[in-house]
Amino acid sequence: MDYGKLPTQELIGRCIAQDERAWEEFVHRMHAHILATVAKAIREHSKIPSHGLVKDLYQETYCKLFDNGCKALVNFKCEHEKAIFAYVGTIARSAVHDYYRKLGNRIEHDDLDPGLPSNESMERRSRMEAVIECLQRELANEPEEKREREISIFQLYYWQGFSARQIGEIFGLPTKSVENILLKLVRVVRKRLNPDKK
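Sequence positions are assigned chain by chain, starting from 1 and proceeding in written order. Residue-level local features of this predicted model are given only where pLDDT is at least 70; pairs of side-chain atoms are given and counted only at 80 or more, and the full residue set underlies all totals for whole chains, interfaces and linings. Water and hydrogen atoms play no part in the side-chain values, which are based on all heavy atoms of the structure.

(A) Just the overall build of the protein, in detail. Summing up its helical and strand segments, the protein has 8 helices and 0 strands in all. Looking at the 198 residues of the protein, the share that counts as buried comes to 39%. Working definition of accessibility: Shrake-Rupley area with a 1.4 Å probe, residue cover restricted to the visible protein chains. Split by element, the accessible area of the protein, about 11800 Å² in all, is 51% carbon and sulfur. Helix numbering and strand numbering both begin at the N terminus, where a helix is a DSSP run of H or I of at least 4 residues and a strand a DSSP run of E of at least 2. Throughout, exposure labels follow a simple rule: accessible area from a 1.4 Å probe, protein chains only, divided by the maximum for the residue type, with under 20% read as buried, over 50% as exposed, and the rest as partly exposed.

See the structure below:
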């Protein structure tokens, strides 16, 4: 059986029945969407998504889907094939918002050094926040999913140190496509933040 061709409702039914191959296909379909949604939700809390935190909340999203006999999936009503993306996105956002509601989790575990952050690290963070704000404005007319994916790619490369190949594996893109997105975004940033430079 080709699980990649299963309709969403049938795939979810097999996930609920604990079919491992169905779960593998579900994760494959949702992987990039959950990562992008988590990163966006973290930014909504005025934070820059760290690799560790994104990974933790990615896993927490699946815990919410899997808990209580896959209750979240049991409750899903498949009105159309793409509806699952909005539904899983809501669960991913709730994982992030739950995290920030807990008093002990106001700052990501690797946001700060063991002591106070250095002036250099704070300045770097401030510059990155300015760049992200610039990209949000300049890409405002792009479809939301495309905009959030490209901004996540930019952050993973310039803030988290991922290679273009690694980012391509995360989002299911060829390395060259990732490089082209980065080049486009760098040009946007240079043009807007340094308008007098040729």
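(B) Broad picture of the pattern of salt bridges. Definition used for salt bridges: Asp or Glu carboxyl oxygen within 4 Å of a side-chain nitrogen of Lys or Arg. According to the stated counting rule, one finds 11 salt bridges in the structure shown. The partner of K146 in a salt bridge is E150, and the shortest N-O contact between them spans 3.1 Å. With a gap of 4 residues between them, K146 and E150 both fall in helix α6 (residues 144-158), about one helical turn apart. Residue K146 is classed as partly exposed on the basis of its relative accessible area of 29%.

(C) Summary view of the side chain of T8. Structurally, the position occupied by T8 is in helix α1 (residues 8-16). Accessibility expressed as a relative area gives 6% for T8, which makes it buried. Contacts are assigned to residue pairs that have any heavy atoms within 4.5 Å of one another. The residues touching T8, leaving out its near neighbours within four places in the chain, are R29, F76, C78, E81 and I84.

(D) How the structure looks around the packing of helix α2 (residues 20-44) against helix α3 (residues 51-74). Relative orientation of the contacting elements α2 and α3 amounts to 125°, with a least axis distance of 9 Å. Between α2 and α3, the crossing angle belongs to the class labelled oblique. Where α2 crosses over α3, the two elements pack in a sense that is right-handed. Where α2 abuts α3, its residues W23, F26, V27, M30, H31, I34, L35, V38 and I42 lie against L53, V54, L57, Y58, T61, Y62, L65, F66, C70 and L73. For the contact of α2 with α3, a count of residues per class yields 17 nonpolar, 2 polar and no charged. Between the N-to-C directions of two axes lies an angle of 0 to 180 degrees, each axis being a line fitted to C-alpha atoms and, for a helix, fitted only over the stretch in contact. Roughly parallel here means an angle under 35 degrees, roughly antiparallel means over 145, roughly perpendicular means 65 to 115, and every remaining angle is called oblique. In this scheme the handedness of a crossing depends on how the near helix is turned from the far one: anticlockwise by less than a right angle means left-handed, clockwise means right-handed. Note on residue classes: Ala, Val, Leu, Ile, Met, Phe, Trp, Tyr, Cys and Pro are nonpolar, Asp, Glu, Lys and Arg are charged, and everything else, Gly too, is polar.

(E) Seen up close, the packing of aromatic side chains. Here a pair means two rings of Phe, Tyr or Trp (six-membered ring of Trp) with centres within 6.5 Å. Their orientation is stacked below 30 degrees between planes, edge-to-face above 60, and tilted elsewhere. The final tally for this structure, using the stated rule, is 6 aromatic pairs. Considering the side-chain rings of W23 and F26, the 5.6 Å spacing of their centres and the 80° angle between planes classify their relative orientation as edge-to-face. Separated by 3 residues within a single helix, W23 and F26 lie in helix α2, roughly one turn from each other. Grouped by ring-pair contacts, the aromatic residues W23, F26, Y58, Y62 and F66 constitute a single cluster.

(F) Representation of the environment of E150 in the model. A relative accessible area of 3% means that E150 is categorised as buried. For the pair E150 and L139, spaced 11 residues apart in sequence, the C-alpha separation works out to 9.3 Å. Two N or O atoms form a polar contact when they lie within 3.5 Å of each other; inside protein one atom must be a possible hydrogen donor and the other a possible acceptor, and for residues adjacent in sequence the pair counts only when both atoms belong to side chains. At a separation of 2.7 Å, a polar atom in the side chain of E150 contacts the side chain of K184.

(G) Main features of helix α4 (residues 83-101). In a regular helix each residue adds 1.5 Å, so 19 residues correspond to 27 Å; α4 covers 27 Å between its end C-alpha atoms and thus fits that length. Inspection of α4 places A83, I84, V88, G89, I91, A92, A95, V96, Y99 and Y100 among the buried residues, and these make up the whole buried set. Expected span of a helix, by definition, is 1.5 Å for each gap between consecutive residues, and there is one gap fewer than residues.

(H) Summary view of the nonpolar core. Put simply, a nonpolar core is a bunch of buried Ala, Val, Leu, Ile, Met, Phe, Trp, Tyr and Cys residues held in one set by side-chain atoms that sit within 4.5 Å of each other. With 55 residues, the main nonpolar core has F26 and F154 as its most contacted residues. When contributions to this core are tallied by element, the ones reaching two or more residues are α1, α2, α3, α4, α5 (119-138), α6, α7 (164-171) and α8 (175-193). Element by element, the count of residues in this core is highest for α2, at 10 residues. Setting aside its immediate chain neighbours within four residues, F154 contacts M128, V131, I132, L135, W159, L182, L185, V186 and V189.

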